[in-house]
Amino acid sequence: MTGTVVYFSSASRNTERFVERCDFPSHGVDVRRIPLAPTDAPLHVDAPYILIMPTYGGGDARKAVPPQVKRFLNDHVNRSWIRGVIASGNTNFGEAYAAAGPIIAGKCHVPLMYRFELMGTPRDVATVTDGVTRFFDALPQ
């Protein structure tokens, strides 16, 4: 299997903990993190990946996509390798729940594969781990 999960996690580390619980490396999936600080070296990806990210904006969908994710996707090579999006959010934000997912999926013309709340439940972890693994298994080599 060839595949990568690229994720962004804020200082809260909720998304990072979710990705760690998925244990993608044990399923043959590489994991790469979009840097938190703008002064960190940018991440460059040259293989198919699924993006996992939180939603920002406190319910304002216009501010839903973290600036670090925007910067990463503004690199046309990084954007060319995206194959799907998984987004976290907070259901307290109603219609803006996990709004970053559909925004990025629409702009990048890839599927919104899943949404989960905050750090996710054990069921979310199992569903995402299985779905990501099956997705990359099905890609042509």
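Per-chain numbering applies: the sequence of each chain, read as written, is numbered from 1 onward. Side-chain atom pairs in this predicted model are given and counted only at pLDDT of 80 or more, local residue features only at pLDDT of at least 70, and totals for whole chains, interfaces and linings cover all residues. Neither water nor hydrogens contribute to the side-chain values; these are computed over all heavy atoms in the structure.

- Labelled according to an unreviewed UniProt entry, the protein chain appears under the name Protein NrdI, originating from Bifidobacterium italicum.
- UniProt positions are given in the numbering used here, feature names are shortened, and annotations may be inferred rather than shown by experiment. Quoted straight from UniProt, the Function (unreviewed entry) entry for the protein chain says "Probably involved in ribonucleotide reductase function."

**Some thoughts on the pattern of salt bridges**
Then, number 1: The working definition used for a salt bridge is a side-chain nitrogen of Lys or Arg within 4 Å of a carboxyl oxygen of Asp or Glu. Taken as a whole, this structure holds five salt bridges when the rule is applied.
Then, number 2: When salt bridges that share partners are traced, they join Arg13, Glu16, Glu20 and Arg33 into one network.

**Regarding the pairing of strand 5 (residues 112-117)**
Then, number 1: Pairing between strand 4 (residues 82-89) and strand 5: five bridges, direction parallel. Bridging from a neighbouring strand, Val85 pairs with Leu112 of strand 5.
Then, number 2: Looking down the strands as they point away from you, a crossover is right-handed if its path from the first strand over the helix to the second goes clockwise. Secondary structure elements are taken from DSSP: a helix is a run of H or I of four residues or more, a strand is a run of E of two residues or more, and numbering for both begins at the N terminus. Handedness of the crossover is the feature at issue here: the chain leaves strand 4, passes through helix 4 (residues 100-108), returns alongside strand 5, and the resulting connection is right-handed. Here the rule is simple: two strands pair whenever DSSP picks up at least two bridges between them.

**Concerning the packing of aromatic side chains**
Then, number 1: For Phe, Tyr and Trp, rings pair up if their centres lie within 6.5 Å, where Trp contributes its six-membered ring, and each pair is then called stacked (planes under 30 degrees apart), edge-to-face (over 60) or tilted (otherwise). Across all of its chains, the model carries four aromatic pairs by this definition.
Then, number 2: For the pair Phe8 and Tyr56, a centre-to-centre distance of 6.3 Å together with 65 degrees between the ring planes defines the contact as edge-to-face. Here Phe8, found in the loop between strand 1 (4-7) and helix 1 (14-22), pairs with Tyr56, found in the loop between strand 3 (49-53) and helix 2 (67-73); they are 48 residues apart in sequence, far enough to count as distant.
Then, number 3: Judged by centre distance (5.5 Å) and plane angle (75 degrees), the rings of Phe135 and Phe136 are edge-to-face.
Then, number 4: Exposure classes here rest on a 1.4 Å probe applied to the protein chains alone. A residue is buried below 20% of its type maximum, exposed above 50%, and partly exposed in between. Classification of Phe136 by relative accessible area gives buried; the value is 0%.

**Points about the sheet that holds strand 1**
Then, number 1: Reading across the sheet, the five strands line up as 2-1-3-4-5 and stay open at both edges, with parallel pairing between neighbours. Whereas interior strands pair on both sides, the edge strands pair on one side only; in this sheet they are strand 2 (30-33) and strand 5. Going from strand to strand, the sheet's axes swing by 20 degrees on average, the running direction of each strand aside.
Then, number 2: The contact criterion used is simple: two residues touch if any of their non-hydrogen atoms lie within 4.5 Å. Simply put, an axis is a line fit to the C-alpha atoms, just over the touching stretch for a helix, and the angle between two N-to-C directions goes from 0 to 180 degrees. On the sheet, helix 4 packs against strand 3, strand 4 and strand 5 and is oriented at approximately 165 degrees with respect to strand 4.

**Points about the side chain of Asn90**
Then, number 1: For Asn90, the location among the structural elements is in the loop between strand 4 and helix 4.
Then, number 2: Two N or O atoms form a polar contact when they lie within 3.5 Å of each other; inside protein one atom must be a possible hydrogen donor and the other a possible acceptor, and for residues adjacent in sequence the pair counts only when both atoms belong to side chains. Of the polar contacts made by the side chain of Asn90, one reaches the backbone nitrogen of Asn92; its length is 2.8 Å.
Then, number 3: The contacts of Asn90, once residues within four sequence positions are left out, are Tyr97, Glu117 and Leu118.

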